[in-house]
Amino acid sequence: MPSTDPGATFREHAGGLEWTGEHETLRVEPWGPDAVRVRATLGPIRDDIPGALLERPAGRAEITVPDLTGRTVFANGLGSPTDPVPPARLVNGRVTAELTVDGQLRFLRTDDGRELLAERRAHFWWPGTRVHTPVGHGYRRLEQHFAAYEGERLYGLGQHQHGRLDRKGTVLDLVQRNTEISIPFTLSNRGYGLLWNSPAVGRVELVDTGTRWVADAARQIDYWITAGDTPADVLRAYADATGHAPEMPEWGTGFWQCKLRYRTQDELLAVAREHRRRGLPMSVIVADFFHWTRLGDWRFDPAEWPDPAAMVRELDELGIKLMVSIWPSVNQSSENYDELARRGLFAANEYGTAAHATWVDKGADHRITVSFLDPTNPATRAFVWERVRANYQELGINLWWLDACEPEMKPAHPANLRYHAGHGQEVANLYPREIARTFHEGMAASGNTDGMSFSRSAWAGSQRYGTAVWSGDIGTDFAALRAQIAAGLSIGLSGIPWWTTDIGGFHGGDPDDPAYREVLVRWFQFGAFCPIFRLHGFRLPWLPLGGAMTGGPNEVWSYGEEAYDIMTRYLAVRERIRPYVGEQMRTAAREGLPVMRPLFLEFPDDDHAWTVADQFLLGPDLLVVPVTESGATSREVYLPAGASWTCAWTGETHPGGAPVVLDAPLDRIPLLLRDGARLPIVGE
């Protein structure tokens, strides 16, 4: 039935625009100079659900609300064909939001009116563009539908192992897993970026017929959209909205040495001393898992590490930082377990007891039960940091390897979890970010900020807590190496500038196998030009999981003379370009731009640059082309249009806009410098 009393269909609200209809409330607010935040729920808008956005910045939007008095508005929210109801509008810098009287949104470029993105109805009758399906206890399966566009390309969305840079045509689970990092931000070649501002478990479907974001059980749709003239503009706005990374400490740009496990203080120091004896650079060395007495004690086992303070002092004299492995799981035999349990600082199941999994720890010859910290609770963060401060930072350690922080539950069952921040289904993806927050805020409170954390997972906003990320427990072949290029580019486009891989992969690799040595060398060359340069892996021979395991040798001298000569050459190259890498780290902190960049970030007008997933730019000036095929001695390289490119090895210059084939013998990764840029690739 038609009505001439539309009531409070539209209204201005606290500098934003609000719509109500059929029990749903939709709010559109300016959130940064060229961005808007959208929230929708059945009932009033909620402010108590965690997300990635910082506080709303100051600024005003231009809001136009149509006068509906006396107009005919039908029950479906539409006006008559002879008297169409105009939309309400919110104009905020480069982006304009139009909201129809039936509650449908579309986003336009303010300058030319071009549509950036529009909500799309799932069906002409029901459901609409937003779907709220009850799943019990006040939670709903939430769906947000958007239109699809011919030729649209979509990037970001965290880190995955499928090797694709353009995510269009994929369906991705929004859940944290080892090697798969969920960061629900996507950048479009249409000139916008969108953050699904919900840590809920769900999925995103980026198919040819439309886009659908899904939260399996949550209470409110929440997303943020920004418009930019270039991809860099979009990323700058995203960093402003979710937080900038701090500046990386200067030592962080050097070489990091690691293997599955150095079992003792003597083993670790022997490797550090040998590096220095050979004149090889090293900035960081790692004491990995099982260095502890019990999982959750967060201290060195004195039987294997009798004087960690002396170890740290010697490493300092060698110019090397020590990193220690910290896990979020706690053995029931740990000295900290009872207090954590008594104070309710563990993640709980729906019945209110600590969430459990099994693990193999020291002091047991069988799998034992462990429980998982709840880092969304400020009291948990304070408790853990105090133990870590007393047992590690007081020794001079300020580097934290936050392993298994998805968290590594098996089975993963967020529907049966309760966190301080909310129900597991609604907040589970926050977990790795809040673990990083524990250490960032702890270091800040201690006044000792020349440190960082290193995590296997992340979520939107993790960068503001100064955490580096690596790509998890990946394979050890050329296929795994190829996938890392797109993985690193994607997480950089998702706001995380500090990233790396296990050079050589994690799961296996025989140091005496010539085929694996080739993989290792090519990976080492790639790693030398990643934001973080780090050697790690579980090399053969295998040992059973437990406190006695160590993994095979994994130092640069472990792979034969030919490999050693090549790897030491790239250690030297990395040392020579460290000032340039440091400059890019400062740019990342200041502007929110990734250190490892897809070609289109610097060359958005080159359409082919948007399709290249097997090359990258380190900063603006160095084109890096990893060799990812066995036996290859040459490599086809695409040179972006709009610049000339000089081979760093030969000095030969090529015009941009076309592919070239360059020599790539085993000791050479193709590297090209932009428009005469000078970097000391070739030493004296």
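Residues numbered from 1 in each chain as written. Predicted model: local features only at pLDDT ≥ 70, side-chain atom pairs only at ≥ 80, totals over all residues. Heavy atoms only, no water.

Participant: How would you sum up the overall build of the protein chain? Please name residues and give values.
Facilitator: Along the protein chain, the regular secondary structure elements total 11 helices and 40 strands. In terms of overall dimensions, the protein chain is globule-like: its C-alpha atoms have a radius of gyration of 26 Å, near the 26 Å expected for 684 residues. Dimensions of the protein chain, computed from the C-alpha atoms along their principal axes, are close to 85 × 65 × 40 Å. Evaluated residue by residue, the protein chain yields a buried proportion of 62% over its 684 residues. (Helix = DSSP H or I, 4+ residues; strand = E, 2+ residues; numbered from the N terminus. Rg over C-alpha atoms; globule rule 2.2 N^0.38 Å. Buried < 20%, exposed > 50% of the residue type's maximum accessible area, 1.4 Å probe, protein only.)

Participant: Hey, could you go over the pairing of strand S20 (residues 284–287) for me, with residue numbers and the actual values?
Facilitator: What you see with S20 is no split at all: Val284 and Val286 on one side and Ile285 and Ala287 on the other are buried throughout. Relative to S20, strand S19 (residues 255–257) runs parallel, the two sharing two bridges. Its bridge partner lying in S20, Trp256 is registered against Val284. Since S19 and S20 lie parallel, the crossover through helix H2 (residues 265–277) that links them has a hand, and here it is right-handed. Here four bridges tie S20 to strand S21 (residues 321–326), and the two strands are oriented parallel to one another. Residue pairing across strands places Ile285 opposite Leu322, the latter belonging to S21. This β-α-β element, S20 to helix H3 (residues 308–317) to S21, shows right-handed connectivity. (Pairing = 2+ DSSP bridges. Right-handed = clockwise from strand over helix to strand, strands pointing away.)

Participant: Describe in detail H3, supporting the description with residues and values.
Facilitator: Within H3, the full set of buried residues consists of Pro308, Met311, Val312 and Leu315. Taken down its axis, H3 places every buried residue within 95° of arc, on the same side. Away from its buried face, by an angle of more than 90 degrees, H3 presents the exposed residues Arg313 and Glu317. The secondary structure elements touched by the buried residues of H3 are H2, S20 and S21. Positive phi shows up at Gly319, right after H3, with a value of about 80°. (Arc of directions from axis to C-beta. Contact = heavy atoms within 4.5 Å.)

Participant: Any details on the pattern of salt bridges? Residues and values, ideally.
Facilitator: As a working rule, side chains carrying opposite charge can pair if their charged atoms are close by. One pass over the structure, following the stated rule, counts 61 salt bridges. Put simply, Lys362 and Asp301 hold a salt bridge, and the shortest N to O gap is 3.0 Å. Of the two residues, Lys362 sits in the loop between strand S24 (356–359) and strand S25 (368–372) while Asp301 sits in the loop between S20 and H3, which places them 61 residues apart along the sequence. The two residues Lys362 and Asp301 agree in class, both being buried. One salt-bridge network, held together by shared partners, links Asp34, Arg94, Arg109, Asp111, Asp112, Asp229, Asp233, Arg236, Arg590 and Glu591. (Salt bridge = Lys/Arg side-chain N within 4 Å of Asp/Glu carboxyl O.)

Participant: Let's hear about unusual backbone geometry: which residues, and what values?
Facilitator: For the bond running from Glu406 to Pro407, omega is 5°, close enough to zero to count as cis. Position of Pro407 among the secondary structure elements: in the loop between strand S26 (399–402) and strand S27 (417–419). Residues Lys410 and Pro411 are joined by a peptide bond in cis, for which omega reads 0°. Turning to its location among the elements, Pro411 is positioned in the loop between S26 and S27. Phi is positive for Trp298, which is not a glycine, with a value near 55°.

Participant: Got a sec to walk through a nonpolar patch on the surface? Specific residues and values, please.
Facilitator: Where nonpolar side chains cluster on the molecular surface, the patch consists of Phe124, Trp125 and Trp126 and spans about 530 Å² of accessible area. Structurally, the position occupied by Phe124 is in the loop between strand S9 (115–118) and strand S10 (130–136). (Patch = residues over 30% accessible without salt bridge, like charges linked within 9 Å, V, L, I, M, F, W, Y side chains within 5 Å. Areas by Shrake-Rupley, 256 points an atom, 1.4 Å probe, with all protein chains shown as cover.)

Participant: How would you explain the environment of Arg27 if you had to name every residue and give the values?
Facilitator: Locating Arg27 in the fold gives a position in strand S3 (residues 24–30). Taking the C-alpha atoms as reference, Arg27 lies 48 Å from Ser334; in sequence the two are 307 residues apart. If we skip the residues at most four places from it in the chain, Arg27 touches His13, Leu17, Glu18, Arg37, Val38, Arg39 and Ile45. A distance of 3.2 Å separates polar atoms of two side chains, one belonging to Arg27 and the other to His13. (Polar contact = N/O pair within 3.5 Å; in protein donor to acceptor, adjacent residues only side chain to side chain.)

Participant: For the packing of aromatic side chains, give the residues involved together with the corresponding values.
Facilitator: Counted under the stated rule, the structure contains 34 aromatic pairs. Aromatic side chains Tyr155 and Trp610 sit 5.8 Å apart centroid to centroid with 45° between the ring planes, which places their arrangement in the tilted category. Of the two residues, Tyr155 is situated in strand S12 (residues 154–156) and Trp610 in the loop between helix H11 (599–602) and strand S34 (616–618); the sequence distance between them amounts to 455 residues. One exposure class covers both Tyr155 and Trp610, and it is buried. Taking 6.3 Å as the distance between ring centres and 45° as the angle between the ring planes, the aromatic pair formed by Trp224 and Tyr238 counts as tilted. Placement of Trp224 in strand S18 (residues 221–227) and of Tyr238 in helix H1 (residues 231–242) is noted, with a sequence separation of 14 residues between them. Of the two residues examined, Trp224 and Tyr238, each falls in the buried class. An aromatic cluster of at least three residues, connected via ring pairs, comprises Phe300, Trp305, Trp385, Tyr392, Trp400 and Phe439. (Phe/Tyr/Trp six-rings, centres within 6.5 Å; stacked < 30°, edge-to-face > 60°.)

Participant: Hey, could you go over the pairing of S9 for me, with residue numbers and the actual values?
Facilitator: Alignment of strand S8 (residues 105–109) against S9, held across three bridges, turns out to be antiparallel. Note on S9: the bridge partner recorded for Leu108 is Glu115. Where S8 hands over to S9, the hairpin turn is made up of five residues, of which Gly113 adopts a positive phi near 75°.

Participant: Report on the state of the cysteines, specifying residues and quantitative values.
Facilitator: Within this structure, the stated rule accounts for zero disulfides. Free cysteine: Cys258, not disulfide-bonded; nearest cysteine sulfur from Cys405 at 15 Å. Exposure remark for Cys258: the relative accessible area of 0% places this residue in the buried category. Its sulfur unpaired, Cys647 is 20 Å from the next cysteine sulfur, which belongs to Cys530. Judged by relative accessible area, Cys647 falls into the buried class, the value being 8%. (Disulfide = S-S within 2.5 Å.)

Participant: If you had to explain the sheet that holds S12 to someone new, which residues and values would you point to?
Facilitator: With respect to topology, eight strands assemble into an open sheet ordered S1-S2-S3-S4-S18-S15-S14-S12, the strand pairing being antiparallel. Each edge of the open sheet is held by one strand with a lone partner, namely strand S1 (10–13) and S12. Across the sheet, the mean angle separating the axes of adjacent strands is 20° when strand polarity is ignored. In this sheet, S18 lies alongside strand S4 (residues 35–42) in antiparallel orientation, the contact comprising six bridges. When the sheet's bridge partners are listed, Ala40 is paired in S18 with Ile221. (Axes fitted to C-alpha atoms, helices over the stretch in contact; angles between N-to-C directions.)

Participant: So what's going on with the confidence of the model for the protein chain? Which residues, and what values?
Facilitator: This prediction gives the protein chain a mean pLDDT of 95; 97% of its residues lie at or above 70. Here residues 1–7 is a poorly scored stretch, pLDDT under 50, and it has 14 contacts once near neighbours within four places are set aside; other chains count. (pLDDT = per-residue confidence, 0-100.)

Participant: For the packing of helix H9 (residues 514–527) against helix H10 (residues 561–591), give the residues involved together with the corresponding values.
Facilitator: For the pair H9 and H10, the least separation of the axes is 10 Å and the interaxial angle reads 5°. Considering the angle they form, H9 stands roughly parallel to H10. Contacts between H9 and H10 involve Leu520, Val521, Phe524, Gln525 and Gly527 on the former and, on the latter, Ala563, Ile566, Met567, Tyr570, Leu571 and Arg574. A per-class count over the contact of H9 with H10 returns eight nonpolar, two polar and one charged. (Parallel < 35°, antiparallel > 145°, perpendicular 65-115°, else oblique. Nonpolar A, V, L, I, M, F, W, Y, C, P; charged D, E, K, R; others polar.)

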